[in-house]
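The chain contents come next:
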Amino acid sequence: MYINSMGHYVPATRITNDYFENVNGLTSDWIVQRTGIHSRSKAAPGENADSMALAAIDDAIKRLPYDVKDVDLIVAACYAVYDTVATPAHVAQRHYQIHGAKAVYASAACSSFINGLEIIEGYFASGKASKALLICTEHNTYYSNESDPKSGHLWGDAAVAYFLSKERVSDSDVEILDIFTEGLGDIGKGPGGVKLRPKEDGITMPDGRDVFIHACKYMIYALNHSLASTGLKIEDLDKLICHQANKRIVAQVAHQLDKPIDDFLNNIETLGNTGSASAALVLSQYADSFKKGDKAALMVFGGGYSCGCFIVRF
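Analysis parameters
Residues numbered from 1 in each chain as written. Predicted model: local features only at pLDDT ≥ 70, side-chain atom pairs only at ≥ 80, totals over all residues. Heavy atoms only, no water. Helix = DSSP H or I, 4+ residues; strand = E, 2+ residues; numbered from the N terminus. Rg over C-alpha atoms; globule rule 2.2 N^0.38 Å. Buried < 20%, exposed > 50% of the residue type's maximum accessible area, 1.4 Å probe, protein only. Contact = heavy atoms within 4.5 Å. Polar contact = N/O pair within 3.5 Å; in protein donor to acceptor, adjacent residues only side chain to side chain. Axes fitted to C-alpha atoms, helices over the stretch in contact; angles between N-to-C directions. Parallel < 35°, antiparallel > 145°, perpendicular 65-115°, else oblique. Left-handed = near helix turned anticlockwise from the far one by under 90°. Nonpolar A, V, L, I, M, F, W, Y, C, P; charged D, E, K, R; others polar. Arc of directions from axis to C-beta. Phe/Tyr/Trp six-rings, centres within 6.5 Å; stacked < 30°, edge-to-face > 60°. 1 Å grid on protein atoms, 1.4 Å probe; cavity = no way out; pocket = protein on both sides within 12 Å on 5 of 7 lines; lining within 4 Å. Points joined across faces, edges and corners; volume = space filled by probe spheres on them.

Colleague: Would you mind showing me how to read the overall build of the protein here?
Modeller: Secondary structure assignment for the protein yields 10 helices and 13 strands. Computed over its C-alpha atoms, the radius of gyration of the protein comes to 18 Å, within 12% of the 20 Å expected for a compact globule of 314 residues. Taking the principal axes of the C-alpha coordinates as reference, the protein spans close to 50 × 45 × 35 Å. Buried positions account for 58% of the 314 residues belonging to the protein. Sequence-distant contacts, at least 24 apart, represent 76% of the contacts inside the protein between residues at least 6 apart.

Written out as structure tokens, the structure reads:
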């Protein structure tokens, strides 16, 4: 399974930490110390999850080695959507006139992107698709409650789009060596750890400590599973990318793996927590920095709970 092209879209607006002192009483120093976040991206008025998704797809199409209409499967994998009926997959199908493609939507909180990869892997294995578009777009600030001192200051907006194929189509393809996901709804606070209830109080994180503990543990668990599946050792990886939920989580994962923090790529400092788009977004942003043969592992943990990892080779 191969990534043929990656694209992303990040809104231009940045909300700095100083904004929140008058909103929820948190100082910039307090936020930086506990999260590593200095600013977060925010969609402009008139933008939404669908418009960001299309912008990310447009970015990916610039480097796509085939016609977008060759796609026979579109998967939208995210949670902070604009519409749960007319999903980003269906919006993209209409916008690009991708006639005859399957279009589906899946969500597993912040691990949604990797679950989307696994869904595509299944379609490829069954022979029901050969070229796919994976969309992950999160309009977190549409749902977030900025006055919530537990999590209102965390959220950012962004979208990523990956084109994938069952077989290699060009020399620039990035090979996916392994995909692993696992549901964890039966551990810790499980489904209550992070919530999004639009008609109640939006995105909330009732117990951040529980999320922190299990995110550190299960991102490493997912990584070890993928390493075992590929026969690789952690020393074989050139870079690691964690879900961008909290810079302290990244630091703790690095400590537990005995890896220098410089081996980890991040964007949380300027973009905040961009949800299930975050790790895939980092890979897209840094794609040009990888050399031929370089390998990277992406680890995620989602509220709900769930975890996942995928390993790529450039």
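Colleague: Is there a simple way to think about the environment of Tyr-105 in this case?
Modeller: With respect to the secondary-structure elements, Tyr-105 resides in strand S5 (residues 102–106). With 19 residues separating them along the chain, Tyr-105 and Ala-86 place their C-alpha atoms 9.6 Å apart. Setting aside residues no more than four positions away along its own chain, Tyr-105 makes contact with Ala-76, Cys-78, Tyr-79, Val-81 and Thr-87. A polar atom in the side chain of Tyr-105 sits 2.8 Å from the backbone oxygen of Cys-78.

Colleague: Looking at this model, I keep getting lost on the packing of helix H3 (residues 49–61) against helix H4 (residues 88–96). Mind explaining?
Modeller: The relative placement of two packed helices is expressed as an angle between their axes plus a distance between the axes. Relative to each other, H3 and H4 sit at 55°, their axes nearing to 10 Å. Between H3 and H4, the crossing angle belongs to the class labelled oblique. Helix-helix and strand crossings are classified by hand; for H3 and H4 the assignment is right-handed. Residues Asp-50, Leu-54, Ile-57, Asp-58 and Ile-61 of H3 touch H4, and the partners they reach there are Pro-88, Val-91, Ala-92, His-95 and Tyr-96. Counted by class, the contact of H3 with H4 contains 7 nonpolar, 1 polar and 2 charged residues.

Colleague: Which parts of the structure should I look at to understand the packing of helix H7 (residues 208–230) against helix H8 (residues 247–257)?
Modeller: Interhelical geometry of H7 versus H8 gives an angle of 50° and a closest axis separation of 10 Å. Taken together, H7 and H8 sit at an angle that is classed as oblique. The handedness of the crossing between H7 and H8 comes out as right-handed. Along its contact with H7, which presents Phe-212, Ala-215, Cys-216, Met-219, Ile-220 and Leu-223, the element H8 presents Arg-248, Ile-249, Gln-252, Val-253, Gln-256 and Leu-257. Broken down by class, the residue content of the contact of H7 with H8 amounts to 9 nonpolar, 2 polar and 1 charged.

Colleague: I tried to follow the side chain of Asp-59 on my own but got confused; where do I start?
Modeller: Examined against the element boundaries, Asp-59 turns out to sit in helix H3. Residue contacts for Asp-59: discarding those within four places in its chain leaves Gly-7 and His-8.

Colleague: Could you clarify how one ought to interpret H8 in this entry?
Modeller: An α-helical turn contains 3.6 residues, so a residue and the one three or four places further along point in the same direction. Among the residues of H8, Ile-249, Val-250, Val-253, Ala-254 and Leu-257 are the ones counted as buried. For H8, the buried positions fall inside an angular range of 135° around the axis, keeping them on one side. Each element contacted by the buried residues of H8 is listed here: H7 and strand S11 (239–242). Capping the start of H8 is the job of one residue whose side-chain oxygen sits 2.7 Å from the backbone nitrogen of Arg-248: Asn-246. Within two residues after H8, Asp-258 carries a phi angle of roughly 55°, on the positive side.

Colleague: Can you help me understand the packing of aromatic side chains in this one?
Modeller: Aromatic rings considered in pairs are described by the distance between their centres and by the relative angle of their planes. For the coordinates displayed, the defined rule picks out 8 aromatic pairs. Aromatic pair Phe-113 and Phe-310: ring centres 6.1 Å apart, planes at 35°, arrangement tilted. In this pair, Phe-113 sits in helix H5 (residues 112–126) while Phe-310 sits in strand S13 (residues 306–313), placing the two residues 197 residues apart along the sequence. Given a relative accessible area of 2%, Phe-113 falls into the buried group.

Colleague: Please clarify how empty space enclosed by the protein should be interpreted in this entry.
Modeller: If a probe the size of a water molecule is rolled over the atoms, the empty space left behind becomes visible. Tallied over the full model, the rule gives 1 cavity of 30 Å³ or more. As a volume, the largest cavity reaches approximately 60 Å³. Taken together, Ile-15, Phe-20, Arg-40, Ser-41, Lys-42, Thr-141, Ser-144, Glu-146, Gly-152 and Trp-155 form the lining of the largest cavity. No other element matches the 3 residues that strand S3 (residues 39–42) contributes to the lining of the largest cavity.

Colleague: Sorry if this is basic, but what is going on with the layout of surface pockets here?
Modeller: Roughly 620 Å³ of volume is contained in the largest pocket. Lining of the largest pocket is provided by 34 residues; of these, Leu-154, Met-205, Gly-208, Val-211 and Phe-212 occupy positions nearest its centre. Of all the elements in the fold, those that place two or more residues in the lining of the largest pocket are helix H2 (28–35), strand S9 (195–197), H7, H8 and strand S12 (295–302). Considering every element that reaches the lining of the largest pocket, the biggest residue donor is H7, with 7 residues. By residue class, the composition of the lining of the largest pocket is 20 nonpolar, 9 polar and 5 charged. Estimated volume of the second largest pocket: approximately 500 Å³. Met-6, Ser-172, Val-174, Ala-287 and Phe-314 are the residues nearest the centre of the second largest pocket, which is lined by 21 residues in total. Sorting the residues of the lining of the second largest pocket by element identifies strand S1 (2–9), strand S8 (174–183) and helix H10 (278–286) as the ones contributing at least two each. Considering every element that reaches the lining of the second largest pocket, the biggest residue donor is S1, with 5 residues. Each residue belonging to the lining of the second largest pocket can be placed in one class, and the counts come to 6 nonpolar, 6 polar and 9 charged.

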